[in-house]
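A closer look at the structure
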Amino acid sequence: MCYYDTVEAFYHGVTLTLLQLNPDYYCVSNRESGSGRFDVCCRQKKEWKWAFILEFKVTEDPREMINDANQAVSQIRDKEYISDLKREGYEKILIYGFSFCAKRCRVVQGKLD
């Protein structure tokens, strides 16, 4: 595959594969949580303190990348993707919205209320 494969599944697969190389985290994708399905969620294996959720968007217009990344963060909050993590006792949950456009990537770290 190359960057010409610009569907979300391509970026999703590459990112998930890289994250799974970290032995300290257990990463899953496309699981139901809250009122939807997150793209990727990683949980710390040994200590139940840290977790993060990633949501991906793909655009053909690089001027839309920041907006799309912010929409991804809003989707995580609006659909309450962190609800299972809270129930499981995770103390620190981070959320990130990604926007991809060909070889470019923008990442926005969201804030939880």
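Look above for the structure.
Description of the structure in this document. (Residues numbered from 1 in each chain as written. Predicted model: local features only at pLDDT ≥ 70, side-chain atom pairs only at ≥ 80, totals over all residues. Heavy atoms only, no water.)

Our focus in this paragraph is the sheet that holds strand β5 (residues 50-58). Spatially, 5 strands are ordered β1-β4-β5-β6-β7 in an open sheet, and the strand pairing comes out mixed. In this open sheet, the two strands that pair with only one neighbour each are β1 (25-29) and β7 (104-110). Here the strands of the sheet are splayed against their neighbours by 20° on average, with no regard to which way each runs. The sheet contact formed by strand β4 (residues 40-44) and β5 spans 4 bridges and is antiparallel. Among the inter-strand pairings, Cys41 is bridged to a residue of β5, identified as Ile53. (Pairing = 2+ DSSP bridges. Helix = DSSP H or I, 4+ residues; strand = E, 2+ residues; numbered from the N terminus. Axes fitted to C-alpha atoms, helices over the stretch in contact; angles between N-to-C directions.)

We now examine the packing of aromatic side chains. In this structure the tally under the stated criterion is 5 aromatic pairs. The interplanar angle of 75° and the centroid separation of 6.4 Å between the aromatic rings of Phe38 and Tyr81 together place this pair among those described as edge-to-face. Of this pair, Phe38 sits in the loop between β3 (36-37) and β4 while Tyr81 sits in the loop between α2 (65-78) and α3 (83-87), and the two are 43 residues apart along the sequence. A relative accessible area of 4% places Phe38 in the buried class. A residue is classified by how much of its surface remains accessible, and Tyr81, at 1% relative accessible area, is buried. Measuring from centroid to centroid gives 5.3 Å for Phe56 and Phe98, while their planes differ by 75°, and the two rings are edge-to-face. (Phe/Tyr/Trp six-rings, centres within 6.5 Å; stacked < 30°, edge-to-face > 60°. Buried < 20%, exposed > 50% of the residue type's maximum accessible area, 1.4 Å probe, protein only.)

Let us now look at the state of the cysteines. Enumeration according to the criterion identifies 1 disulfide in this entry. For Cys27, the disulfide goes to Cys42, at an S-S distance of 2.2 Å. One disulfide, between Cys27 and Cys42, carries an S-S torsion of 110° and so falls in the right-handed class. Residue Cys27 is found in strand β1, and its partner Cys42 is found in strand β4; the two are separated by 15 residues along the sequence. On the basis of relative accessibility, which here comes to 0%, the residue Cys42 falls in the buried class. No disulfide involves Cys101; its nearest neighbouring cysteine sulfur is the one of Cys105, lying 11 Å away. A relative accessible area of 41% means that Cys105 is categorised as partly exposed. (Disulfide = S-S within 2.5 Å.)

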